[in-house]
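Listed below are the residues making up each chain.
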Amino acid sequence: MHFVHVRGEGTSERPLLLTHGWPGSFVEMLELIPYLTTPSLYGGHAEEAFDVIIPSLPGFAFSSKPTRPGVGSKYVATLWAKLMDRLGYESYLVQGGDIGAGVSTWLAFMYPERVRGLHLNYIPGSYKPPLTPNTPSVSEEEQAYFDIVAEWLDREGAYSALHRTKPETLAFSLSDSQVGLASWMVEKFQGWSDCDGDMERSFSLDHILTNISIYWFTNSIASSIRIYTEGTKMLLHFTED
């Protein structure tokens, strides 16, 4: 398992575990490290510092590729718990976005005595109101939310459907072409960021090329999108139960 571990200044121990998603990697968190570990250099105080831990999801970047089924967000959460235990942290804070949001949520659910706090962004599937025979009909506000989600999925969701249902078919082409891989990933950075169509307003080319290069040189695009399939299996399991 690959991870970055930087201890904060001062004597207060506040471990913060950050988990990325797709098509991101640990590099998207690197610029945060000095602000979190040395706040005294940026107008804060040493006692506000964090110990920062940034692992790479299995099959992403320099972490090993899974060799068996079942390596979804829930399983990754158990790996993170083992990692934090080996680093000597009895309790910690967790933050995650996208796939990392699922991993972080599982951590808090399975290890509530260890997770001090949970922060999420870009939550897959988000939190939907319950839709069972015993619950009231959705409100106008909730229905408006459903309509927005449906419109977004219609416009942006094709990649996810392909990742979940035909990951190997896509992986062959993306593993064979640098241009294809870059196109598949860059489109997401442009479409999902607040850049008004100009990606370089939100990301430098060095940042984007570093992230793409990590996927390319580790040949990890196939193993990275496989986690979508595993997530679908977990969802079906919950539905059946």
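Procedures and definitions
Throughout, residues of each chain are indexed from 1 in the direction in which the sequence is written. Given that this is a predicted model, residues contribute local features only at a pLDDT of at least 70 and side-chain atom pairs are listed and counted only at 80 or more, while totals for whole chains, interfaces and linings are drawn from all residues. Water and hydrogen atoms play no part in the side-chain values, which are based on all heavy atoms of the structure. Note on exposure labels: buried denotes an accessible area under 20% of the residue type's maximum, exposed denotes more than 50%, and partly exposed covers the range between, all computed with a 1.4 Å probe on protein chains only. Every helix listed is a DSSP run of H or I at least four residues long, and every strand listed is a run of E at least two residues long, numbered separately from the N terminus. Two strands pair under a simple rule: DSSP has to find at least two bridges between them. Contacts are residue-level and defined by heavy atoms, with any inter-residue pair within 4.5 Å sufficient. Two N or O atoms count as a polar contact when they lie within 3.5 Å, although within protein this holds only if one can serve as hydrogen donor and the other as acceptor, and sequence-adjacent residues are included solely when both atoms are side-chain atoms.

Description of the pairing of strand E2 (residues 15–19)
When you tally the buried positions in E2, you get 5 out of 5 residues, the bulk of the element. Alternating residues of E2 divide into Pro15, Leu17 and Thr19 and Leu16 and Leu18, and every residue in both groups is buried. Alignment of E2 against strand E3 (residues 51–55), held across 3 bridges, turns out to be parallel. Counterpart to leucine 17 in the pairing with E3 is isoleucine 53. Of the strand pairs in this sheet, E2 and strand E4 (residues 92–97) are connected by 4 bridges, and their pairing is parallel. In the sheet register, leucine 16 faces E4, and the bridge partner there is leucine 93.

Describing the environment of threonine 218
Tracing the backbone through its elements, the reader meets threonine 218 in the loop between helix H8 (205–217) and helix H9 (221–240). Under the relative-accessibility criterion, threonine 218 is labelled buried at 16%. The sequence separation of threonine 218 and proline 15 amounts to 203 residues, and the corresponding C-alpha distance is 28 Å. In this structure threonine 218 touches Ala61, Phe62 and Lys65, once residues within four positions along its chain are discounted. For threonine 218, the side chain forms a polar contact with the main-chain oxygen of isoleucine 214, separated by 2.5 Å.

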